[in-house]
Amino acid sequence: MWDDAFPSFLIGLREGLEAGLIVSILVATLVRAGAKSRLPQVWTGVLAAIAMSLSFGAVLTFTAASLSATAQEAFGGTLSVIAVAFVTAMVFWMRRSARSLSGEIKEKVTGALAMGAGMLIVTSFLAVGREGLETALFLWTTARAAGESVGPMIGAGIGLVIAAGLCWGLYRRVLKINLTKFFTATGAVLIVIAAGVLGYGLRDLQEGGVLPGKTAFAFDLSQSIDPSAWYTTLVQGVFNLMPAMTWLQVVGYAAYLAVVMTLFVRGVRTVAKPAPAPRATEAKAAAAQPVEAESAEVGPAEGESAEEQAASTPESTPESQPEPEPQKEAAPVAAATGRKRPAWVLPVAVVAVPAVVAGGIVAFGKSKPAGAPTIAVSEKECGKGFTAPKTGRQTFQMQNTGDKTSEVYLVDPTSNAVYGEIEGLAPGTTRDLVATVAGGSYAWRCVPTGGKAVTSAAVRVSGGGGAKAVVPVSEEDLAGPLRAYKKYVDAGLATLTDQTQRLSDDLAGGDLDAARADWLTAHRTYSSLGAAYGTFQDFDKKINGRADGLPGGVHDKDFSGFHRIEYGLWHGAPADELTGPAEQLHGEVMGLRKAFPTQDFAPGDLPLRTHEILENTLQFELTGDTDEGSGSNLATADANLTGTRELLDVLRPLIAKRDPQLLTTIDDDIARLQKMLDAAHHGDAWTPVEKLDAATRQRLNGVTGQLLEHLAPVPDLLEIRKSA
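About the cut-offs
- Chains are numbered independently. Their residues run from 1 in the order of the written sequence.
- Only residues with pLDDT of at least 70 are given local features in this predicted model, and only at 80 or more are side-chain atom pairs given and counted; all residues enter the totals for whole chains, interfaces and linings.
- The basis for the side-chain values is all heavy atoms of the structure; hydrogens and waters are excluded.
- The way it works is that DSSP assigns letters per residue, a run of H or I at least four long becomes a helix, a run of E at least two long becomes a strand, and they are numbered from the N terminus.
- Partly exposed describes any residue whose relative accessible area lies between the buried limit of under 20% and the exposed limit of over 50%, with all areas from a 1.4 Å probe on protein chains only and scaled to the type maximum.
- Here a residue-residue contact requires only that any non-hydrogen atoms of the pair lie within 4.5 Å.
- Each Phe, Tyr or Trp ring (for Trp, its six-membered ring) is paired with any other whose centre lies within 6.5 Å, and the angle between the two planes then decides the class: stacked below 30 degrees, edge-to-face above 60, tilted in between.
- We call a charge positioned above a ring when the Lys NZ or Arg CZ atom is no farther than 6 Å from the ring centre and deviates by at most 35 degrees from the ring normal.
- Helix span, expected: 1.5 Å multiplied by one less than the number of residues in the helix.
- In this context, the arc is that of the directions from the helix axis out to the C-beta atoms.
- Pairs of N or O atoms within 3.5 Å make up the polar contacts considered here, provided that, within protein, one atom can donate a hydrogen while the other can accept it, and that residues adjacent in sequence are counted only when both atoms are side-chain atoms.
- Note that bend, as reported per residue, equals the angle between axes fitted to the 7 residues terminating at that residue and the 7 residues originating from it.
- Lines are fitted to the C-alpha atoms to define the axes, a helix being fitted only along its stretch in contact, and any angle between axes, read from their N-to-C directions, falls within 0 to 180 degrees.
- Orientation is classified from the angle alone, with under 35 degrees giving roughly parallel, over 145 giving roughly antiparallel, 65 to 115 giving roughly perpendicular, and any other angle giving oblique.
- Left-handed is the label given to a crossing in which the near helix is rotated counterclockwise from the far helix by less than a right angle, and right-handed is the label when the rotation is clockwise.
- Note on terminology: disulfide denotes any pair of cysteine sulfur atoms within 2.5 Å.
- The patches described consist of residues with a relative accessible area above 30% and no salt bridge, like charges being joined within 9 Å and nonpolar side chains (Val, Leu, Ile, Met, Phe, Trp, Tyr) within 5 Å.
- Only the protein chains shown count as cover for residues, and all accessible areas are computed by the Shrake-Rupley method using a 1.4 Å probe.
- Basic side-chain nitrogens of Lys or Arg form a salt bridge, by our definition, when they fall within 4 Å of a carboxyl oxygen of Asp or Glu.
- Here a strand pair is declared whenever DSSP counts at least two bridges between the two strands.
- Only buried Ala, Val, Leu, Ile, Met, Phe, Trp, Tyr and Cys residues count toward a nonpolar core, and they belong to the same one when joined by side-chain atoms within 4.5 Å.

## Focus: the overall build of the protein
Moving on, step 1. Secondary structure summary: the protein contains 22 helices and twelve strands in total.
Moving on, step 2. Across the 724 residues that make up the protein, the buried fraction comes to 46%.
Moving on, step 3. Across the protein, every contact between residues at least 6 apart in sequence was considered, and the portion connecting residues at least 24 apart equals 77%.

Written out as structure tokens, the structure is:
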């Protein structure tokens, strides 16, 4: 959370200090001009600016939430680029204007005093409003990049509180801060952060289809670094540098940083360069002008009253400089008729108006598309409000009018093919379902939790076009493949039992070379059985558990199974030390073989395993995380691929019926991955993962990732759906 909070903390601190300095100068100018009664007008303008900024943030948040996933990416990416432009302009503006800020604002306040109350409100509103809008936009962008709002909001809040404290200290002259150095240092850091936001925004635009190059990665280190490590999260949170970045992101990040930082540093040097000595006449003229201090003086001047202390500004002149004479405030002109307006009306109005406008924008943005029908979802009213839709992409508002959470499907009642679905629709809630409609028959199927599935009356749609539907799968459809797969696993466990017995005998006889060969054979057999995500329940931890998380690591008393024996075999442990762990492993394998026929293996889990086995492979084997010295991770990956291929074989008829082209793509990916694994196999030896050159390792990860991407639709294709 704190790594996500830092960019927002910095923007809150800097923008808060800028806005606070402006407000301090406004207030001090009025006090010194003897116009204290006009202070409520300043605070009204400030309040209006805050209300507008908060309303702007609400509009961004709720407008984005009502968009489709692709539109959200494009919307977020566009605003990220705009935020970077605003922050960049702010950094350069403050670098140029820090020295003359006080004089400019005093001049504006003097003009506003002469023009009436309205202009003073507008002056303070405009002075603070820009900072508020920049803050809202940048905070929304950083929160979206972080994927959560708690950290960024906490960071921004802390930054604003500190900024308020600093401004109070500067106003009361109890602090001394070199503002030029402060804004220079924070400006440089913000430029680096903005470069990361730009890279993130460009990626969003690629994901949203606005920019090309979505799959053209400059590098992918996702398998080489730990994504949960503190340094990884810190770099991602603060600088938005990701383990995998496209060429467009890298070029955009580097170009922005090189150009903007160069101009900023050059400008800083120009400002810091001492001006040539003025001529005598020029020096005399300059002496008559007020001096803008870069920092606030410490403590009040001697003899100042409390009121004069409160009126001092961060840019106050040296104490020897005479104070301007207070101006007598003009008496207000009383209205000839009518009652006096209550003092609370204007502040309430400036808060209410932006809130109402923002609410209208949000409500309009979330309103349903023109002509989008509302369809009832319940056991009694399933499909109520449904009439024959037009062909093409249509949006339906599904409203759960019952008292149970429900699933709802748009189906072809003749074939039960599914065109669209919503899961977990809670009672009283409404969600959009988007589906492509072509010529054919359509109905709604409502499936309440714990209730009976209900299908609405069908409607007929005339016209052509193509609408892709998924033929639903029932438990009966998966019963045959599940029996075939369980038979495969049962036979594999019988083989594994013999192999672990042989491994135990090797160690009992003191033959370490034979034990190493038999260990690899047995481990490959086990790895080909698809032990992913708790398939074998608690047995998997005992048979193939890792040392990660154990207090004693590889020396922990609870470290057991294949990897415990692997560590000993490849780290010089004597045979008699490994005899006990080998006997324990054999006992656990026998226990698994006996328990497997009675273990709960839901039919719906079978399609999930097609993806999960290789997901484990990418996470553990191809990173070398499970290597305890044998260097056999690629042998294990090869066995995992065998297990995945077996699963696909038993599910092939069901997949082919629904998406034959997907099977062709998956088969091609498997062939490419198998070819790469075969290249790492040399007789009885396998190339360790860490011995692969960087290019080969990157290709191996890429091919596995592509296969996983193509396997991902299989669980959805073969998801069990209830029918009436």
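## Considerations on the packing of aromatic side chains
Moving on, step 1. According to the stated counting rule, one finds eleven aromatic pairs in the structure shown.
Moving on, step 2. Ring centres of F92 and F264 lie 5.9 Å apart, and the angle between their planes is 90°; this geometry places the pair in the edge-to-face category. With F92 in helix α3 (residues 69-97) and F264 in helix α9 (residues 247-272), this residue pair connects regions lying 172 residues apart in the sequence. In this structure, F92 and F264 share a single accessibility class: buried.
Moving on, step 3. Both rings, one in W519 and one in W570, keep their centres 5.4 Å apart while their planes meet at 70°; by these two values the pair is edge-to-face. Taken together, the positions of W519 in helix α14 (residues 512-527) and W570 in the loop between α16 (562-569) and α17 (575-595) put the pair 51 residues apart, joining distant regions of the chain.
Moving on, step 4. Relative accessible area serves as the criterion here: at 29%, W570 is assigned to the partly exposed category.
Moving on, step 5. The cationic tip of K486 hangs over the ring face of F596; the distance from NZ or CZ to the ring centre is 5.9 Å.
Moving on, step 6. Positioned above the aromatic ring of F539, the side-chain terminus of K542 is 6.0 Å from the ring centre.

## Points about helix α21 (residues 694-711)
Moving on, step 1. Between the first and last C-alpha of α21 there are 26 Å, a value that for 18 residues agrees with the 26 Å anticipated at 1.5 Å per step.
Moving on, step 2. Among the residues of α21, T696, L700, N701, V703, T704, L707, L708 and L711 are the ones counted as buried. For α21, the buried positions fall inside an angular range of 160° around the axis, keeping them on one side. Summarising the geometry of α21, the exposed residues directed more than 90 degrees from the buried face are A694 and E709.
Moving on, step 3. The opening residue of α21, the one whose side-chain oxygen lies 3.2 Å from the backbone nitrogen of A695, is D693.

## Describing helix α19 (residues 633-658)
Moving on, step 1. Between its first and last C-alpha, α19 extends 35 Å over 26 residues, near the 38 Å set by a 1.5 Å rise per residue.
Moving on, step 2. Taken as a whole, α19 carries its principal kink of about 60° at L651; the proline P653 stands between one and four residues after it.

## Here we look at the packing of helix α20 (residues 660-679) against α21
Moving on, step 1. It is the contact of α20 with α21, at a shortest axis distance of 9 Å, that shows an interaxial angle of 155°. Classified by the angle their axes make, α20 and α21 are roughly antiparallel. Considering how the two elements wind past one another, α20 and α21 form a crossing that is left-handed. The residues of α21 that touch α20, namely those facing L662, T665, I666, D669, I670, R672, L673, M676 and L677, are T696, R699, L700, V703, T704, Q706, L707, H710 and L711.

## With respect to the state of the cysteines
Moving on, step 1. Enumeration over the complete set of coordinates arrives at one disulfide.
Moving on, step 2. Here C382 is linked by a disulfide to C446, with a sulfur-sulfur distance of 2.1 Å. Here the disulfide of C382 and C446 is right-handed, its torsion about the S-S bond being about 85°. Of this pair, C382 sits in the loop between β3 (374-377) and β4 (392-400) while C446 sits in strand β8 (residues 440-448), and the two are 64 residues apart along the sequence. Both residues of the pair, C382 and C446, count as buried.

## What about a nonpolar patch on the surface?
Moving on, step 1. Residues M119, V122 and L126 make up a contiguous nonpolar surface patch of roughly 240 Å² in combined accessible area.
Moving on, step 2. Inspection of the secondary structure puts M119 in helix α5 (residues 117-146).
Moving on, step 3. Since its relative accessible area comes to 31%, M119 is described here as partly exposed.

## Remarks on the sheet that holds β3
Moving on, step 1. Strands sit in the order β3-β4-β7 across an open sheet of three strands; the sheet is mixed. Among the strands making up the open sheet, the edge pair consists of β3 and β7 (430-437). On average, each strand axis in the sheet is tilted by 35° relative to the strand beside it, whichever way the strands run.
Moving on, step 2. As paired strands, β4 and β7 are joined by eight bridges and run antiparallel to one another. Paired with F396 across the strands is L433, a residue of β7.

## Remarks on the pattern of salt bridges
Moving on, step 1. Under the defined criterion, the tally for this structure stands at twelve salt bridges.
Moving on, step 2. Measuring nitrogen to oxygen at the nearest pair gives 3.6 Å for the salt bridge that ties K384 to E381.
Moving on, step 3. Owing to a relative accessible area of 54%, K384 belongs among the exposed residues under this scheme.
Moving on, step 4. When its relative accessible area of 29% is taken as the criterion, E381 is described as partly exposed.
Moving on, step 5. One salt bridge in this structure joins E612 and R609, with 2.5 Å as the shortest N-O distance. With E612 and R609 both in helix α18 (residues 605-621), this residue pair falls three residues apart, about one helical turn. Summarising the burial analysis for this pair, E612 and R609 share the class buried.
Moving on, step 6. Salt bridges linked by common partners bring R546, D548 and D625 together as one network.

## Quick look at the environment of L651
Moving on, step 1. Within the element layout of this structure, L651 appears in helix α19.
Moving on, step 2. Measuring from C-alpha to C-alpha, the distance between L651 and G480 comes to 9.2 Å, with 171 residues separating the pair along the chain.
Moving on, step 3. Each residue touching L651, except ones within four places of it in the same chain, is listed here: L478, P481, L606, P607, T610 and L718.

## Concerning the nonpolar core
Moving on, step 1. Ranked by internal contacts, the top residues of the largest apolar core, which has 63 residues, are L507 and L634.
Moving on, step 2. Per-element accounting of this core gives the leading share, ten residues, to α19.
Moving on, step 3. Sequence-distant contacts of L507, defined by excluding residues within four places in its chain, comprise L512, A515, I565, L569, A575, L578, T579 and A582.
Moving on, step 4. The next biggest cluster of nonpolar side chains, apart from the first, holds 27 residues, and it includes L60, I191, Y253 and Y256.

## Considerations on unusual backbone geometry
Moving on, step 1. The phi angle at N416 is positive, at roughly 65°, despite the residue not being glycine.
Moving on, step 2. Looking at where N416 falls in the secondary structure, it is placed in the loop between β5 (406-412) and β6 (417-425).

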